[in-house]
Amino acid sequence: SVSGNNVTANKGTGVYLTESSNNSISENSMVNNWNEGIHLDWSDYNSISENIIVNNLDGIVLLVTSNNILSENDVSNNGVGVSLSGWWSDPCLSNSISGNNIADNSVGIQLSGSIYVGGECSDNNIYANNIANNGIGIYFTEAYGNNVFHNSFSNFVQAVSPPMNVWDDGYSSGGNYWSDHTGPDLCHGPYQNLTGSDGIVDKPYIIDSNNRDNYPLMSPYEYWINPIPGDINRDTKVDYMDLYILAKHYGQKK
């Protein structure tokens, strides 16, 4: 367990694990290091949580790692906030990135696979993160089969990705919140063709011709699951649309 340390202004990496498994890196402050705040390579089943990782060359870097959990970290003002990579014929698989604040970096989250067989970066889950004010929110290169859902995106460029990544968790769990795609929400259902709001934007969010979020959220996920009383359509305000929905269903019985 590496916990409660102030790791600052080193002429290298703050914390570096290689060929190391089942470790916990938590509640540390990694600030102004010349290289990465935290770097793991060939290391599996580690937990990186509740760290402050600010003003490093890069924030958290995972190279050829699997089954690691990155949660509730503040990763800000780095080059790349969080980077996962396969290398040559060695993969980077099944890592979880959740509940983090990833803001004000050049790139928020970057996943990179190798062009060689076996060096894929896939089956990683990225969910419930705040990804904001980055140059690029998510940047995937040669990375396929990853799942991205319930995140809040507000960046100069939201996402760049090859095909075959998944950008929502299906209906009615929903996809992501995109700051440049906030409505309308007049319909519901898997095909968004039934009258009545459900907190999901009626039209998919188009990243490019190969990538789309089929069920973009009307509001950031934390609000979407816990809206203020009366906000039936979960668009962050109580207004005539909520009254319309209520009136339309007044007296209805299941």
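Use the structure listed above.
None of these values were measured; they are calculated from a predicted model. (Residues numbered from 1 in each chain as written. Predicted model: local features only at pLDDT ≥ 70, side-chain atom pairs only at ≥ 80, totals over all residues. Heavy atoms only, no water.)

**Student:** Kindly report on the overall build of the protein, identifying the contributing residues and their values.
**Tutor:** A count of helices and strands for the protein gives two helices and 28 strands. For a compact globule of 254 residues, the expected C-alpha radius of gyration is about 18 Å, and the protein comes in at 20 Å, within 12% of that figure. Within the span of the protein, comprising 254 residues, buried residues form 52% of the whole. In the protein, 45% of the contacts between residues at least 6 apart in sequence involve partners at least 24 apart. Carbon and sulfur atoms make up 53% of the accessible area of the protein, which totals about 11,900 Å². With 8 positive and 27 negative side-chain charges, the protein shows a separation of 17 Å between the mean positions of the two kinds. (Helix = DSSP H or I, 4+ residues; strand = E, 2+ residues; numbered from the N terminus. Rg over C-alpha atoms; globule rule 2.2 N^0.38 Å. Buried < 20%, exposed > 50% of the residue type's maximum accessible area, 1.4 Å probe, protein only. Contact = heavy atoms within 4.5 Å. Areas by Shrake-Rupley, 256 points an atom, 1.4 Å probe, with all protein chains shown as cover. Lys, Arg positive; Asp, Glu negative; His and termini not counted. Charge placed at Lys NZ, Arg CZ, Asp CG, Glu CD.)

**Student:** I'd like a description of a nonpolar patch on the surface, backed by residues and values.
**Tutor:** Residues W42, W87, W88, I115 and Y116 make up a contiguous nonpolar surface patch of about 600 Å² in total accessible area. By the element assignment, W87 lies in the loop between β12 (80–85) and β13 (92–93). (Patch = residues over 30% accessible without salt bridge, like charges linked within 9 Å, V, L, I, M, F, W, Y side chains within 5 Å. Salt bridge = Lys/Arg side-chain N within 4 Å of Asp/Glu carboxyl O.)

**Student:** I'd love a proper account of the environment of V238, names of residues and values included.
**Tutor:** Position of V238 relative to the elements: it lies in the loop between α1 (221–224) and α2 (240–249). Each C-alpha atom, one on V238 and one on Y144, is 40 Å from the other, the two residues being 94 residues apart in sequence. Contact partners of V238, with chain neighbours within four places excluded, come to I228, P229, G230 and D231.

**Student:** Lay out the sheet that holds strand β22 (residues 152–154) with the relevant residues and their values.
**Tutor:** Strand order across the open sheet formed by eight strands is β2-β5-β8-β11-β15-β19-β22-β24, with parallel pairing between neighbours. Among the strands making up the open sheet, the edge pair consists of β2 (6–8) and β24 (177–178). Here three bridges tie strand β11 (residues 74–76) to strand β15 (residues 101–103), and the two strands are oriented parallel to one another. Looking at the pairing, V75 lines up with I102 of β15. (Pairing = 2+ DSSP bridges.)

**Student:** Account for the nonpolar core, naming residues and giving values.
**Tutor:** Ranked by size, the top nonpolar core spans 33 residues in total, and within it I109, I138 and W167 carry the most contacts. When contributions to this core are tallied by element, the ones reaching two or more residues are β3 (15–18), β6 (36–41), β9 (58–63), β12, β16 (107–112), β20 (136–141) and β27 (205–208). Setting aside residues no more than four positions away along its own chain, I138 makes contact with I109, I126, I131, V148, F153, Q158, A159, V160 and W167. In terms of nonpolar packing, the next biggest core, distinct from the first, is built from six residues, Y177, I200, Y215 and Y221 among them. (Core = buried A, V, L, I, M, F, W, Y, C linked by side-chain atoms within 4.5 Å.)

**Student:** I'd like a description of the pairing of β6, backed by residues and values.
**Tutor:** Counting buried residues in β6 gives six out of six residues, a clear majority hidden from the surface. Note that β3 and β6 share four bridges and pair parallel. Bridge pairing in β6 places L17 opposite L40. By the bridge criterion, five bridges tie β6 to β9 in an arrangement that is parallel. Bridge pairing in β9 places I38 opposite I60.

All we've got here are geometric facts, nothing functional implied.
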